[in-house]
Amino acid sequence: MKLYKIKKSKIDNKGRGLYAASNIKEGTKIINYLGKIITNKEVDRSKKFDNKKPIYLFTLNKKYTLDGDFSWNIAGLINHSCDNNCDYNGKGLKIWITAIRDIKKGEEFTCDYGFGYDEDYKQFPCKCKSKNCCGYIVRAESRWRIDKKFSMANKKN
Ligand SMILES: [Zn+2]
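Rules used in this analysis
Residues numbered from 1 in each chain as written. Predicted model: local features only at pLDDT ≥ 70, side-chain atom pairs only at ≥ 80, totals over all residues. Heavy atoms only, no water. Helix = DSSP H or I, 4+ residues; strand = E, 2+ residues; numbered from the N terminus. Contact = heavy atoms within 4.5 Å. Areas by Shrake-Rupley, 256 points an atom, 1.4 Å probe, with all protein chains shown as cover. Donors = N, O, S within 2.8 Å, 3.2 Å for Na, K, Ca; no water. Buried < 20%, exposed > 50% of the residue type's maximum accessible area, 1.4 Å probe, protein only. Salt bridge = Lys/Arg side-chain N within 4 Å of Asp/Glu carboxyl O.

Right, let's talk about the overall build of the protein chain for a bit. For the protein chain, the count of helices and strands is two helices and ten strands. For the protein chain, the N- to C-terminal ordering of α and β elements is β-β-β-β-α-β-β-β-β-β-β-α. Long-range contacts, defined as pairs at least 24 residues apart, comprise 63% of the intrachain contacts of the protein chain with a sequence gap of at least 6. Accessible surface computed for the protein chain: about 10000 Å², of which carbon and sulfur atoms make up 51%.

Set out below in C-alpha cells:
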C-alpha cells in the first residue's frame, strides 16, 4: 500500500505535494527518491545546474550525484519546510525518505532541502509557515547566519 497521496501543496501554492495516506510512525520509510546518477564533474560542467539551485541534487559520494529533477521522481514533490517531518537517508547510490516523527493521516510530508548559506539565498523564499520559519530555504545548520544577518541589519537602521 502506498503511504502517500499526491495533492495540491499547502506550502508551494503553484505545485503539488505528497500527503500521508494513513497515520505513519516515526522511522517509517515512505518513498524512494529516484533520479539519474551523474558524476560530480557533470554537475560542475553542466549549465543546467547553474541557475537552478541544486534542490534536486544529492551528492552521493566523492564521485556521484543523484539528479532527481524528473517528473517520474514522485518524491521530488515533497516540499521544503523549516519544521520538516521527514528526512532523506541514503546508502550507496540509493536515497529514500523517512518519517522523522509520527505523522498523521492527511499531513503534508516535508523535508529540509535547504541550501547551505550563500549570497543567493534571498532568491528562494520559504513559505512553509512553520513557527521557526527563517523566511528562506536554507538548511537548519545555516539558518543562524540569516538570523544574525537580520539582527545586524536591524542594528544599522
Ligand atoms: Zn520555512
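Still more to cover.
Distances from the zinc ion to its protein donors, Cys82 (SG), Cys126 (SG), Cys128 (SG) and Cys133 (SG), fall within 2.3 to 2.4 Å. Coordination of the zinc ion draws on donor residues from a single chain, spaced C-x43-C-x1-C-x4-C in sequence. With a gap of 44 residues between them, Cys82 in the loop between strand S7 (79–80) and strand S8 (86–91) and Cys126 in the loop between strand S10 (110–111) and helix H2 (143–156) connect regions that are remote in the sequence. The exposure class of Cys126 is buried, given its relative accessible area of 9%.

Turning next to unusual backbone geometry. The residue Lys129 is not glycine, and still its phi comes out positive at about 65°. Looking at where Lys129 falls in the secondary structure, it is placed in the loop between S10 and H2.

If you walk through the whole model with that rule in mind, you get two salt bridges. When the shortest N-O distance is used, the salt bridge between Asp83 and Arg101 registers 3.4 Å. Of the two residues, Asp83 is situated in the loop between S7 and S8 and Arg101 in the loop between strand S9 (94–99) and S10; the sequence distance between them amounts to 18 residues. For Asp83, a relative accessible area of 37% corresponds to the partly exposed category. Linking Arg143 and Asp112 is a salt bridge whose minimum nitrogen-to-oxygen distance equals 3.5 Å. In this pair, Arg143 sits in helix H2 while Asp112 sits in the loop between S10 and H2, placing the two residues 31 residues apart along the sequence. As far as burial versus exposure is concerned, Arg143 and Asp112 are alike and both buried.

Honestly, that's just the spatial picture; any functional story needs more than this.
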